[in-house]
Amino acid sequence: MTVVQVDPVETPATPDYVSGWDGIRALAVVAVIIFHFWPDAAPGGFLGVTTFLVLAGALAVLRIGREVDRTAGFAWRDYAVGRIRRLIPALLLYLMAVLVWTWWRHPEVYDAIARDVAAAALYLTPWREMVGSASYETAFDTTPAPALHTWSLGVEELAWILTGLAVALSGRVRAAATVTLVVGVVGYLVWFGEADLYYSPARLLEFGIGAVVGLVLLRRTPPVPTMATLAATGVFVWACAAWSVDQVYGGRLLVAAGLSAVMVMGAVQGPVDQPQDPGRQHGQTDPPDDGQGQPGGTGHQSAGQDDRGDGDQDRRDEDDEPDGASDPGSALPSTGRLRFRHRNVHR
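Conventions adopted
- Residues numbered from 1 in each chain as written.
- Predicted model: local features only at pLDDT ≥ 70, side-chain atom pairs only at ≥ 80, totals over all residues.
- Heavy atoms only, no water.
- Helix = DSSP H or I, 4+ residues; strand = E, 2+ residues; numbered from the N terminus.
- Buried < 20%, exposed > 50% of the residue type's maximum accessible area, 1.4 Å probe, protein only.
- Contact = heavy atoms within 4.5 Å.
- Areas by Shrake-Rupley, 256 points an atom, 1.4 Å probe, with all protein chains shown as cover.
- Salt bridge = Lys/Arg side-chain N within 4 Å of Asp/Glu carboxyl O.
- Patch = residues over 30% accessible without salt bridge, like charges linked within 9 Å, V, L, I, M, F, W, Y side chains within 5 Å.
- 1 Å grid on protein atoms, 1.4 Å probe; cavity = no way out; pocket = protein on both sides within 12 Å on 5 of 7 lines; lining within 4 Å.
- Points joined across faces, edges and corners; volume = space filled by probe spheres on them.
- Nonpolar A, V, L, I, M, F, W, Y, C, P; charged D, E, K, R; others polar.
- Phe/Tyr/Trp six-rings, centres within 6.5 Å; stacked < 30°, edge-to-face > 60°.
- Lys NZ or Arg CZ within 6 Å of the ring centre and 35° of its normal.
- Expected span 1.5 Å × (residues − 1).
- Arc of directions from axis to C-beta.
- Polar contact = N/O pair within 3.5 Å; in protein donor to acceptor, adjacent residues only side chain to side chain.

1. Let's talk about the overall build of the protein chain
- Per the secondary structure count, the protein chain includes 13 helices and four strands.
- For the protein chain, the proportion of its 347 residues judged to be buried stands at 48%.
- Relative to all contacts within the protein chain whose residues are 6 or more apart in sequence, the contacts with residues 24 or more apart total 76%.
- In the form shown here, the protein chain has an accessible surface area of approximately 16,800 Å², with 60% of it arising from carbon and sulfur atoms.

Written as structure tokens, this is what we have:
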């Protein structure tokens, strides 16, 4: 396995678990569900997908930053395999259920649905829809389209692939934001004002906005006033109730992405600037040496730290800042100040 050395950055960490992000996900899910079942009530409920793309971009950068902090490198293959293991099983189960249901209840459209399923399994639904004749607002009017909902997975998977490759090739975490922003801007120049914009690589711009949010969160907790977060949420809800699909082929998707970015940053409450050594909190003057913890760390981090070797131990001894705990199962950096121990960051 090839591990690419990545330029480090000193980062105050975002908390492991941001409960506000669960609320944002719930808002996005409800908006999309209402859009599909009661479109007159929320003709703009599809904007929930924009919120998911922004949050996914932030999580992608935070995950890469956490790995770089833990290993001073980035293993793109592990990054890609992790995405496959997370998404493919559930996606394949859904697509198999779609095929069985279509064969049983709608055999007359089985061939067409089977082609949709094949495209979805390869994350090619956006491209298939772009070469088709129906726009998103009319795609459900003619024949059943149970695999059409996977178009957003195709866009998101393309974004994750590009971010991983960009970091692996450049050695810079910020490349994850740069590549998606560039591809998204080019997409808007190509498909601006056209119905195909809805499925196009232009949607990577929303992911890129989220990646910028992730870069900000890697370095600091942004001072987003509570009123600003509430205002952004209120305007987003209004947009879900007032906008329609045919109104967003210009710049309104970017407005929704900006509102989502404010909500994502605003959900992170309180800066984590001066963490305390857990050992000192309990009256200890020396870090524990039994393999169960490090200054500023937790027991579940010990296995990863033991593998770093004597050289890394010397660097930790020279460092006055405590390390943050990293859980391989977590999508976010942990509480406390994370500190890279090699080179200075290239911003």
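Let us keep going from here.
2. Details of the pattern of salt bridges
- This model, assessed by the stated rule, comprises five salt bridges.
- Here Arg83 makes a salt bridge to Glu156, at a shortest N to O gap of 3.4 Å. Placement of Arg83 in helix 3 (residues 76–105) and of Glu156 in helix 6 (residues 151–170) is noted, with a sequence separation of 73 residues between them.
- Since its relative accessible area comes to 3%, Arg83 is described here as buried.
- The residue Arg203 makes a salt bridge to Glu206 at a minimum N-O spacing of 2.6 Å. Comparing Arg203 with Glu206, the two get one shared label, buried.
- Connected through salt bridges with shared partners, the residues Arg83, Glu156 and Glu157 form a single ionic network.

3. Focus: unusual backbone geometry
- Of note in the backbone geometry, Tyr123 takes a positive phi value of approximately 60° without being a glycine.
- Among the secondary structure elements, Tyr123 is positioned in the loop between helix 4 (110–121) and helix 5 (125–131).
- Look at Tyr123 and you get buried, because its relative accessible area is 15%.

4. Considering a nonpolar patch on the surface
- Nonpolar side chains collect at one region of the surface, where Val29, Ile33, Phe37, Trp38 and Phe52 lie side by side and expose about 510 Å² of accessible area between them.
- Counting residues per element, the nonpolar patch draws most heavily on helix 1 (residues 19–37), which supplies three residues.
- Looking at the secondary structure, you find Phe52 in helix 2 (residues 47–71).
- A residue is classified by how much of its surface remains accessible, and Phe52, at 30% relative accessible area, is partly exposed.

5. Notes on the layout of surface pockets
- Roughly 860 Å³ of volume is contained in the largest pocket.
- Every residue lining the largest pocket is counted, 27 residues in all, and those nearest its centre are Phe52, His149, Ser152, Leu153 and Glu156.
- A per-class count over the lining of the largest pocket returns 19 nonpolar, four polar and four charged.

6. Things to note about the packing of aromatic side chains
- Tallied over the entire structure, the rule returns eleven aromatic pairs.
- When the centroid spacing of 5.9 Å and the interplanar angle of 65° are considered together, the rings of Phe46 and Tyr198 count as edge-to-face. In this pair, Phe46 is assigned in the loop between helix 1 and helix 2 and Tyr198 in the loop between helix 7 (175–191) and helix 8 (204–219), connecting sequence segments 152 residues apart.
- Relative accessible area serves as the criterion here: at 1%, Phe46 is assigned to the buried category.
- Three or more aromatic residues link up through ring pairs in this structure, and these residues are Phe35, Phe46, Trp151, Tyr198 and Tyr199.
- Just above the ring of Trp104 sits the side chain of Arg105; from NZ or CZ to the centre is 5.5 Å.
- Between the NZ or CZ atom of Arg203 and the centre of the ring of Tyr198, over which it lies, the distance is 4.8 Å.

7. What about helix 9 (residues 226–242)?
- Under the 1.5 Å per step criterion, the end-to-end length of helix 9 is 24 Å for 17 residues, consistent within 8% with the ideal 24 Å.
- Within helix 9 the residues assigned to the buried category are Thr229, Ala232, Phe236, Ala239 and Cys240. Buried residues of helix 9 fall within an arc of 100° about the axis and therefore sit on the same side. When the buried face of helix 9 is taken as reference, the exposed residues oriented beyond 90 degrees from it are Met227, Leu230 and Trp238.
- Close packing links the buried residues of helix 9 with helix 1, helix 2 and helix 10 (252–266).

8. Points about the side chain of Thr50
- Among the structural elements, Thr50 can be located in helix 2.
- Polar side-chain contacts of Thr50 include one of 3.4 Å to the side chain of Arg203.
- Residues in contact with Thr50, not counting those within four places in the same chain, are Arg203, Glu206, Leu253, Ala256, Ala257 and Ser260.

9. Considerations on the environment of Ala239
- When you line up the elements, Ala239 lands in helix 9.
- Ignoring any residue separated from it by four or fewer positions in sequence, one finds Ala239 in contact with Gly44 and Leu47.

Functional significance is not addressed by these values, which are geometric in nature.
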